[in-house]
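# Descriptive analysis of the structure
Chain by chain, the residues run as shown.
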Amino acid sequence: MASEGSDTGDKVYDQIAAADLGMVGEEFENYCRKNGLCNLCGQTKTHKREFKLVKKNKWKPLTVESKSDGGYIVYKGYCVQPGCFTLEQARRLLGEVGPGGSDTDSVSDTASLSSTSTLKRMGVTSRLLKKKKKKSSKKRSGGGSSSNDFDGLTGFSNNHVASKGFKSSRSVLSNSSRSSVSSRISRDDDDRSVGSAITSSSKVRLSLQHLLKEHSGTLLDLSSTKLHHVHITELVNSLSIASTLNTLILENCKLNDNEIEVLGKGLSRDDTVAPIERFSLRSNRLGNRGTVSLAAWFQRSKTLQELDLSKNQIGSRGATATMHAFRDNPKCRIKMLNFAHNEIWDPDDGSFFANNTSLHLLNLEGNFIHDEGVEAVAKGLIRNSHKTNLKHLFLGWNGIGDEGAIQLGRMLSSNKSLETLGLGENDITSVGARAMLACLASNSTLREITGLYHNQIDRKFIIAAIKRLLQSHIEIITEESKEDQRMQAAVEASMSAMDTLAEPIGEKLPAPDEVSESSLDWAEKLYNEGGGSNDAVPPILEITTNGNEEKDKVEGLDAEMVENGRKDGSHNNDVGGGAAAGPTTDVLPSMHGLRFDDIGAPKSNFDRLMVFQAAPLAYFNMQASLHHALPLHEFEHEVNILKHVAKDAAKIDAELEVEAEPATLENFKAFIEQGTSRVLHLSCHGHPDQLAFENGAGYIVTMQQEELKNLLQSARVPIKLVVVNSFHSGRIGKAFLDAGVPHVVCCHHSEVFRDRAAAGFLKNLYRGLATNKSLKQAFHMAQEAIRVEEITKHVERYVLLPRKTEEESYHDVPIFFTDPVPEYGIADPEYEDDSHRLPSLPRHFMGREVDMYEILEALRTDDVARLGGDRGSGKTAVAAAVCRYINFRKKSFKYDNVFWMPPPENVTPEEDTLYGDLCGLFAKFMEADHSIWEDGDVIECRERINIELEGTRTLFAIDTRRFETDASAQNLEDFLGDLLNSGNDLKFILITPSDDMPPEEDTIYLKNLDFKATSLLFGEVSRFITPNGCPAAQSSDEFGALMVPPSVAKLQDQNKFSSSRRTELMGHMGGGNPKRVIKAAKQMPASTFIQLIGMANTPEIHVDSANSLSAAIKRWTMEKERAVGAKNHLRALDLEKVLKELVSMRKKFPTLEDLIKQEEGLQKKLESAMSSRQYKEGNAIKREILSLKKLIMQEKRAAPDENEQAATDRLAGLQEQMRKIMLLANNSFSSMDHLSADDRVEASFKMGSAYHSCELSISPKNALEYDPGNDMGAIICWTNECCDVSLSEGSRALMESGGPNLQRDISSLPGITRTPWGLGKCGTGNAVIVGPGNYDDLLFHCIILAVGPTSTEVDYKPDDEDSLHYIKIMLRSCIRSCLILAKHSQVHSIAFPTLTTKVDGATYDHTLLMFFKILVEEARHSDLNRLHIAAASEEEASKLIAMGIELDLDLVT
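Along each chain, residues carry numbers from 1 onward, in the same order as the chain's sequence is written. The predicted nature of this model means local features are confined to residues of pLDDT at least 70 and side-chain atom pairs, given and counted, to a pLDDT of 80 or more, with totals for whole chains, interfaces and linings taken over all residues. Side-chain figures throughout are based on the complete set of non-hydrogen atoms in the structure, without hydrogens or water.

### Regarding the pairing of strand E25 (residues 721–726)
Put simply, the rule is: Exposed residues in this analysis have more than 50% of their type's maximum accessible area, buried residues have under 20%, and partly exposed residues fall in between, with area computed by a 1.4 Å probe over protein chains only. Comment: elements are numbered from the N terminus, with helices defined as DSSP H or I runs of at least four residues and strands as E runs of at least two. Between any two strands, pairing holds if DSSP finds at least two bridges.
In terms of burial, E25 is a largely internal element, six of the six residues being buried. Residues Leu721, Val723 and Asn725 line one face of E25 and the alternating positions Val722, Val724 and Ser726 line the opposite face, and both faces are buried. Here strand E22 (residues 679–684) runs beside E25; their pairing, made up of five bridges, is parallel. Within E25, the position partnered with His681 by the bridge is Val723. Judged from the six bridges that link them, E25 and strand E26 (residues 743–748) form a sheet pairing that is parallel. Each residue of the ladder has a partner; that of Val724, found in E26, is Cys746.

Next comes the structure, spelled out in structure tokens:
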């Protein structure tokens, strides 16, 4: 019998149902029938299913008594509340009362008897006969640091102190994940450096000869000294007399392949006597060509032992040449090779590893090795298993998956030398980890595998087993190894917290996304460990505070590191012996010299940060009658980050509490009324037009601007700062600013589940604020941290409002610890957190918001919600997401407990608790091979559970797939049936097997992800989509925009319309099944990915009638002819495929004339059928005629009236003429009317990023007149896909100036695809380069031929969003391709002619602004020193200058 409590418990849902059902007639009746509701009111539950685990449940009528008046709420399946049935009507319908009112059957009600006395006789303890008292005391987390405090960038414990010396190589390398020594070279005590006496402007040769001869120096260090060709020549000449030089360090000398070739030839000379043992070219511009030139020296050197070529641009060819050189030189005993952070795909074919016997350490971190490259390395080591001496191998950040891990496992099973293996930040799952664990049983030498926590492994189980097995290899425990074990235990403790980066659980706190396993800066270590000075290391950040200058070397700009550096007065920021995660760079131009006011000491020692998280899952679209998803963010990860950095307040003897609550209107108003904090953090996806909150049950609630303003003005305590983390952060931040908030920080969060860039920004922002930095200083440090970590290029997405100049001190104010706050927040301590008992969410989770909402709706109206779907559809992840969603909103859902059964791995229940009883009982279910309900202990346990569930509202999520035998499934079914019939308020989510899904209507079947979600998921996982990867898409957002053009994004229901383009793309991306999408993204080869990008560039067609089909054929035929005429043959080939698809659709969309003929034929058939009295066939023909008439009416409406169309065309022509006249008369900026016109036609701007500054010049001069000066220069030539430069006047002038050499180089460019119209050499959106060379009268060394998506001969309608979208995507890809080619060719000065549509066209201003913004943004993050934009006219130059001023570029006066 259902209890009345369930009726009141669903109050919040009943209100939602009344507002949101919006159904009438048959649809409403079906809804009520499906959910067991009264078909009159649609709210009261009248029927209940008899529970079956694997079969269809039957509906059972309910009888619910009212406790208030002794009557009925529901009588045997009939709702007898006011407005529905009366009790007499219900009894008459049941046949219990005859027409005269006499009883035909008595009503029998059964009352449930209490079993308390029975339980007492059975000896049940008093604990189970009393309800658990809820804790009413409010808790507040204690302050101070603990042993698990972490550094912001490294993620390791601050309690570790970097050692000043190394006792032995074994002890050092056992701590490589902390002390970062995988590529370290130690120096002898008698080494003497001569590098400090040499500058690039001195007489290099005399200095070298004198010092090397006078001091007999063994170490020459010219690091951070820019060396030119002449200096390298003098250096090479000096090597002929440097008979004692054994260490040569040329780090960060800006050497390119040209200088390296000179150095390689010099080192290979017969008169070179320097016995070089250690050689470093780290952080230069070394590519394949330079590396190959050095290979000649490697092949003949007899002394070289340690080689560092990290942080360069070496590809597979350079790495292979180096490996083969050492392979072919048996006299060289190379011991250390460092190729970290290059561009290597295949380091070797395996022959080097199969033959080498001297190498001890190899670092290949941060390349593109993947499974194929690892397989070659592993097979080579297997062949050489008895002779190899390789002890330390680092393969982190290489995209290695399970197949690579399996190959490494096979290698380990036979290897007898390897001691350390680094595998951090790869894609290894439990499959690969188990394979390695199995193979380690036959390995006795491996001591450590680092980075396992930074993969996709079932951490607590498999990694712990691997760690224990590796520890068993250590037989002799010395004092030194004991210390190593203590350090390792501390690292494992911090690693456990880092584990939450992928799957946050409970109070565990995340660490940064990237922590290097091994330091690459061994030259700096050489000085630090030898007691040398650090003066040669340039500071990365200089901050001036009221005239007191402090220089802090802040790698990654982590605020915690700044504090550590100030406390010990040193520049060494290695925490626990480890290096920081951020890259080592020169002085940051945009931070250098900034002045921040002294804000004084904190005025209080306690403060609070109020975090509101709005996560409405869906909203109902009335037009499409569908629920549309609102992207979900990983809010738990965000809260963990904030709680982690809040601990930094302990450094100033303060405490910062972080309180997180759902962003309901009720909670928000309570926060304003109680004034619990002056700092508000709002995290949500948001709404483009309104301030979006949630109702606490998955639906969106909005607030108007005026209401927000009135609410904030009535606040008990004025809000000082609002931080908005949202996709619509700009609009929301502006709303708070307009409402009176003095300071607002806008942090853009992309549509993906976890935005690493946003998380990194917030982490560094709050770290600064928690340590009493001013808002301005903390914001700048957070912004620069994102720049240095190179997570994203789009730093402009983080904005501090109101905008102020750098000189103004408006934002130079403290945020925390300025005023006292109440002791308690608004959280309700009545509800306990059950997140530690729930499975973690996967790292990539998206596209399931509507499914989650449907599950919540099913639980609102029913006790059981079944979840089904194909294998890999993510049933476990969706169920876990729903449970975590409810757990965070227990107050709204009114749940007391949320249980996941069987319990997740690594969860240990407490004994003598309800959860412990449930876990024990479910364990017996799974182990039993017969019915267990006659077991006295089981019966007693079941009774205890029923008693403890009394008076509580509990949600169970049960994975029925774990009950594999018939006996275990039957035991579970009996138990759940008993719970459902107990009268307790219980809800169930059942995860059903994919191959045995019950044919139940209430099953929520997980379909494949939609096109956009599939694209975003693929973009998040693909190894090709990185900030420096594919030019067409360098983030998941950009990849999603490439795949989903505006016409598809605007579709209300994408399932109603399909195209071959989308079908083909979905097939390549895994078809929408999350597991297959991730697998496709990880395993897709480069050639297939390039094809995928090409398919995405084909137009999206949308046809719904014969007229729209004819219009589409006409349009794309013209586009194809235009492409052929412009010699864009590859584009023409794509358009030809589109036309073939359109032509094939003619059968689906017959013309109006064909439809009328079909109707006439059917009318004749109808007359014949009626005359022969074939009425059944006649009725069928009538239905066909009616359907045909609908199509005819649709085509008539779609067909434009000729007179009306002619009038429309004339009006459009007049409007276009008027627009051109006004443009000439007023020199209008059209879409840029808000810009202030500038009279200047020439101007220069300064642009800067964390790494360099670039000068931008604008003038109407011809690009050929631009002088690149002393830099290697290049000019952009806009061309076609055949690279035929004879079609435009500007290209012909370029050819004439370049002379025969240029003509020869361009004509010799190789083709990539043969088409019916000719050979294609470069696709649209890409570029090719010729040079460097001597091209007669040209001032440039290189010419970059770029194929743009448009030209000045074409124009588009302003409402043609797909075409403008295509231009934007391809223009960005084209500009990026040009800059990539420039970087690899050492070009530092470029002249860019503008690229727009027709100058007087409707979209000219739009495309000009598009070109300028993309070029400026990409140039900020390039290596260019100078960028020149050659405008097509003085008017265009004036517009570009106005754009630069509008974009806040630094105008050079």
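Read on for the rest.
### Comments concerning helix H36 (residues 1060–1068)
For the α-helix, the turn length of 3.6 residues means that residues three or four positions removed from each other point alike. Heads up, the condition is: By definition, the arc is the one covered by directions from the helix axis to the C-beta atoms. The contact criterion used throughout is that any non-hydrogen atoms of two residues lie within 4.5 Å.
For H36, the full list of buried residues reads Arg1061, Arg1062, Leu1065 and Met1066. Angular distribution of buried residues about the axis of H36 spans 125 degrees; they occupy a single face of the element. Opposite its buried face, H36 presents the exposed residues Thr1063 and Gly1067, each directed more than 90 degrees away. Looking at the packing, one finds that the buried side of H36 touches helix H33 (1011–1021), helix H34 (1036–1043), helix H35 (1046–1049) and helix H38 (1086–1096). Trailing H36 by a residue or two, Gly1070 shows a phi angle of about 95 degrees, which is positive.

### Focus on the environment of Ile1093
Assignment of secondary structure puts Ile1093 in helix H38. The exposure class assigned to Ile1093 is buried, which follows from its relative accessible area of 10%. Between the alpha carbons of Ile1093 and Ala1032 there is a distance of 7.6 Å; along the sequence they are 61 residues apart. Excluding residues that lie within four positions of it along the chain, Ile1093 makes contacts with Cys1030, Ala1032, Phe1039 and Leu1042.

### What about the confidence of the model for the protein chain?
Filter applied, for reference: What pLDDT reports is the predictor's confidence in each residue, on a scale of 0 through 100.
Averaged over the protein chain, the pLDDT score is 76; the fraction of residues at 70 or greater is 75%. Across residues 1–21, confidence stays below pLDDT 50; counting only partners more than four residues off in sequence or on other chains, it has 35 contacts. When the criterion is pLDDT under 50, residues 475–593 qualifies, and its contacts beyond four places in sequence or with other chains add up to 338 contacts.

### Here we look at the nonpolar core
Quick note on the threshold: Buried residues of nine kinds, namely Ala, Val, Leu, Ile, Met, Phe, Trp, Tyr and Cys, make up a nonpolar core once their side-chain atoms join them within 4.5 Å.
Leu250, Phe279, Leu281, Leu337, Leu421 and Ile449 are the most contacted members of the largest nonpolar core, which has 72 residues in total. If we ignore the near neighbours within four places in the chain, the residues touching Leu337 are Leu307, Met323, Phe326, Phe352, Leu359, Leu361, Leu362 and Asn363. Of all hydrophobic cores here, the second largest spans 45 residues; its members include Cys1254, Ala1327, Cys1374 and Phe1411.

### Remarks on the packing of aromatic side chains
Filter applied, for reference: Whether two aromatic rings pair depends on their centres lying within 6.5 Å, for rings of Phe, Tyr and Trp, where Trp uses its six-membered ring; planes under 30 degrees apart make the pair stacked, over 60 edge-to-face, and the rest tilted. Lysine and arginine charges are scored as sitting over a ring when NZ or CZ, respectively, is within 6 Å of the ring centre and within 35 degrees of the ring normal.
This model, assessed by the stated rule, comprises 32 aromatic pairs. Here Phe922 and Phe975 contribute two aromatic rings whose centre-to-centre distance is 6.0 Å and whose plane-to-plane angle is 90 degrees, an arrangement assigned as edge-to-face. Of the two residues, Phe922 sits in helix H30 (residues 914–927) while Phe975 sits in helix H32 (residues 966–980), which places them 53 residues apart along the sequence. Of the two residues, Phe922 and Phe975, both sit in the buried class. Here the basic side chain of Arg889 rests over the ring of Tyr885, its NZ or CZ set 3.8 Å away from the ring centre. If you follow Arg1115 out to its NZ or CZ, it ends over the ring of Trp1116, 4.3 Å from the centre.

### Brief notes about the sheet that holds strand E40 (residues 1389–1393)
What counts, and what does not: To get an axis, fit a line to the C-alpha atoms, keeping to the stretch in contact for a helix; angles then go from 0 to 180 degrees between the N-to-C directions.
Taken together, the eight strands give an open sheet; going across it, the order is E38-E39-E35-E40-E41-E34-E33-E42, and neighbouring strands pair in mixed fashion. One side of each edge strand has no neighbouring strand; the edge strands of this open sheet are strand E38 (1327–1330) and strand E42 (1450–1452). Strand-to-strand twist in this sheet, taken as the mean axis angle between neighbours without regard to direction, amounts to 25 degrees. Inspection of the sheet shows strand E35 (residues 1273–1279) paired to E40 by three bridges, in the parallel sense. Considered in E40, the bridge of Ile1275 is made with Ala1391. The sheet contacts of helix H44 (residues 1289–1307) involve E35, E38 and strand E39 (1342–1347), and relative to E35 the element is tilted by about 105 degrees.

### Points about the packing of helix H9 (residues 229–238) against helix H10 (residues 257–267)
Worth spelling out the cut-off: We call two directions roughly parallel when the angle between them is under 35 degrees, roughly antiparallel when it is over 145, roughly perpendicular when it lies between 65 and 115, and oblique otherwise. All amino acids are sorted into three groups, where Ala, Val, Leu, Ile, Met, Phe, Trp, Tyr, Cys and Pro are nonpolar, Asp, Glu, Lys and Arg are charged, and the leftover types, Gly among them, are polar.
Between H9 and H10, the shortest axis-to-axis distance is 9 Å and the interhelical angle comes to 10 degrees. Compared by their axis directions, H9 and H10 come out roughly parallel. Residues His229, Ile232, Thr233, Leu235 and Val236 of H9 touch H10, and the partners they reach there are Glu259, Val262, Leu263 and Gly266. Taken together, the residues that form the contact of H9 with H10 break down as five nonpolar, three polar and one charged.

### Comments concerning helix H21 (residues 635–646)
Put simply, the rule reads: Working rule for helices: expected span equals 1.5 Å times residues minus one.
Between its terminal C-alpha atoms H21 stretches 17 Å, which fits the 16 Å expected from twelve residues at 1.5 Å a residue. Buried residues dominate H21, accounting for ten of its twelve residues. Looking at H21, one finds that the buried residues are Phe635, His637, Glu638, Val639, Asn640, Ile641, Leu642, His644, Val645 and Ala646. Structurally, H21 contributes buried residues whose contacts are with strand E18 (606–614), strand E21 (655–662), E22, E25 and helix H25 (756–770).

### Brief notes about unusual backbone geometry
Of note, the bond from Leu801 into Pro802 is cis; its omega dihedral lies within 30 degrees of zero at -5 degrees. Residue position: Pro802 is located in the loop between strand E27 (798–801) and helix H27 (849–861). Between Gly1331 and Pro1332 the backbone carries a cis peptide bond, its omega angle lying at 0 degrees. Locating Pro1332 in the fold gives a position in the loop between E38 and E39.

### A word on the environment of Lys467
With respect to the secondary-structure elements, Lys467 resides in helix H17 (residues 459–471). Residue Lys467 is classed as buried on the basis of its relative accessible area, which comes to 14%. Once the C-alpha coordinates of Lys467 and Arg447 are considered, the two residues, 20 residues apart in sequence, prove to be 8.9 Å apart.

### Points about the pattern of salt bridges
Our working definition: Salt-bridge detection follows one rule: a side-chain nitrogen of Lys or Arg within 4 Å of a carboxyl oxygen of Asp or Glu.
Within the structure shown, the criterion is met by 44 salt bridges. Close ionic contact of Glu636 with Arg884 constitutes a salt bridge, the shortest N to O distance being 2.5 Å. Of this pair, Glu636 sits in helix H21 while Arg884 sits in helix H28 (residues 875–888), placing them 248 residues apart in sequence. A relative accessible area of 27% places Glu636 in the partly exposed class. Taking the shortest distance from any N to any O, the salt bridge between Glu940 and Arg944 comes out at 3.3 Å. Separated by four residues within a single helix, Glu940 and Arg944 lie in helix H31 (residues 936–949), roughly one turn from each other. Among the residues examined, Glu940 registers a relative accessible area of 21% and is labelled partly exposed. Within the structure, one salt-bridge network assembled from shared partners comprises Glu1038, Arg1372, Arg1376 and Glu1418.

### Things to note about the sheet that holds strand E30 (residues 953–959)
Spatial ordering of the open sheet is given by E29-E30-E31-E28-E32, a layout of five strands whose pairing is parallel. Only two strands of the sheet have a single neighbouring strand rather than two, namely strand E29 (897–901) and strand E32 (1003–1006). When the angles between neighbouring strand axes are averaged without regard to direction, this sheet yields 15 degrees. The pairing of E29 with E30 spans five bridges and is parallel. Of the residues in E30, the one forming a bridge with Met901 is Ile958. With respect to the sheet, H30 is in contact with E29 and E30, its orientation differing from that of E29 by roughly 20 degrees.

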